[in-house]
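The primary structure of each chain is shown beneath.
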Amino acid sequence: MSQKILILFVCGSVLSLQVAGQQNKPADAIVSAMNNSANDWNKGDLESFMKMYTDSSTMMYPTGPVGLSSIRELYETKYFNGKMPKQNLNYSEMKVTLLGEKYALLTGKFTLSGNNLPERSGRYSLVMILTKDGWKILHDHSG
């Protein structure tokens, strides 16, 4: 009898670990995508960095939400000098909260540093959506 209980306990534990692992996969994929986008930024590949956004993405400005063309314009004019970023980008303290199977909230800290400019950092919250191309930013609220 005790062997049956042990087998059930072990099987239950393995099943719990597999379910827990599946729950972490979206978070791992989101964090990985964000780190890859920071690498694209730091290489000066704004085109690849912008692929983190969907065609219908918005960003919150003080005047209200703006679309993808305004997001791109912000990065090109304020954060890039031609082909290269003015500073390197790093994300930290990322926390993913799943909002169902296809949506997630990502919060964290961004830091812009280097190039003999003062370091700047701030907090962000991103609504993420799972697309056929992976996790993308649906709405960006950075400050």
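Refer to the structure presented above.
Position numbers for residues start from 1 in each chain and track the written sequence from start to end. Local features are withheld for residues below a pLDDT of 70 in this predicted model, meaning they are given only at 70 or higher, and side-chain atom pairs are given and counted only at 80 or more; totals for whole chains, interfaces and linings count all residues. Only hydrogens and water are removed before side-chain values are computed, so all heavy atoms of the structure are retained for them.

**Student:** Quick question: what am I supposed to make of the overall build of the protein chain here?
**Tutor:** Numbering of helices and strands runs from the N terminus, with a helix taken as a DSSP run of H or I at least four residues long and a strand as a DSSP run of E at least two residues long. Across its full length, the protein chain carries three helices and eight strands. Counting helices and strands in the order they occur from the N terminus, the protein chain gives α-α-β-β-α-β-β-β-β-β-β. Any residue under 20% of the maximum accessible area for its type is buried, any over 50% is exposed, and the rest in between are partly exposed; the area is computed with a 1.4 Å probe on protein chains only. Burial statistics for the protein chain: of 143 residues in total, 31% are counted as buried. Here, residues are in contact when the closest pair of their heavy atoms is within 4.5 Å. Contacts in the protein chain between residues far apart in sequence, at least 24 positions, make up 48% of those at least 6 positions apart.

**Student:** Sorry if this is basic, but what is going on with the sheet that holds strand β5 (residues 88–98) here?
**Tutor:** The strands that make up a sheet pair up through hydrogen bonds in the backbone, lying either parallel or antiparallel. The six strands are arranged β2-β1-β8-β7-β6-β5 in an open sheet whose pairing can be described as mixed. Two strands bound the open sheet, and with one partner strand each, they are β2 (64–66) and β5. Recorded for the sheet is a direction-independent mean angle of 30° between the axes of neighbouring strands. Sheet analysis places β5 next to strand β6 (residues 103–113), joined by nine bridges and oriented antiparallel. Its bridge partner lying in β6, N90 is registered against T111. Note on pairing: DSSP must find at least two bridges between two strands before they are called paired. Here the axes come from fitting lines to C-alpha atoms, over the contacting stretch only for helices, and the angles between their N-to-C directions go from 0 to 180 degrees.

**Student:** Before we go on, may I ask you to explain the environment of D55 in this structure?
**Tutor:** For D55, the location among the structural elements is in strand β1 (residues 53–61). Accessibility expressed as a relative area gives 76% for D55, which makes it exposed. The sequence separation of D55 and L68 amounts to 13 residues, and the corresponding C-alpha distance is 6.5 Å.

**Student:** Honestly, the pattern of salt bridges in this entry has me stumped. Any pointers?
**Tutor:** Note that side chains of opposite charge can pair when their charged atoms are close. When a carboxyl oxygen of Asp or Glu lies within 4 Å of a side-chain nitrogen of Lys or Arg, that pair is called a salt bridge. All chains considered together, the criterion is met by four salt bridges. A salt bridge links R72 to E47, with the shortest nitrogen-to-oxygen separation between them at 3.4 Å. Within this pair, whereas R72 is found in helix α3 (residues 68–79), its partner E47 is found in helix α2 (residues 46–50), the two being separated by 25 residues in sequence. Classification of E47 as partly exposed rests on a relative accessible area of 48%.

**Student:** Just to check I follow, could you spell out the packing of aromatic side chains for this structure?
**Tutor:** The geometry of an aromatic ring pair comes down to the distance between the two centres and the angle between the two planes. Working definition: a ring pair exists when centres of Phe, Tyr or Trp rings (six-membered ring for Trp) sit within 6.5 Å. Plane angles under 30 degrees give stacked, over 60 give edge-to-face, the rest tilted. This structure, assessed with the given rule, holds nine aromatic pairs. Judged by centre distance (5.6 Å) and plane angle (70°), the rings of Y91 and Y124 are edge-to-face. Of this pair, Y91 sits in strand β5 while Y124 sits in strand β7 (residues 120–131); the two residues are 33 residues apart in sequence, bridging distant segments of the chain. Y91 gets classed as buried once you look at its relative accessible area, which sits at 12%. Residue Y124 is classed as buried on the basis of its relative accessible area of 5%. The rings of W41, F49, Y53, Y75, Y79 and F80 are connected pair by pair, giving a single aromatic cluster.

**Student:** Before we go on, may I ask you to explain the nonpolar core in this structure?
**Tutor:** Buried Ala, Val, Leu, Ile, Met, Phe, Trp, Tyr and Cys residues that are joined via side-chain atoms within 4.5 Å together make up what is termed a nonpolar core. Core analysis: the largest hydrophobic core is formed by 28 residues, its most contacted members being W41, F49, Y53, Y75, L89, Y91 and M128. In terms of residue count, the dominant contributor to this core is helix α1 (residues 2–42) (five residues). Setting aside anything within four residues of it in sequence, one finds Y53 in contact with M59, L68, I71, Y75, I137 and D140.

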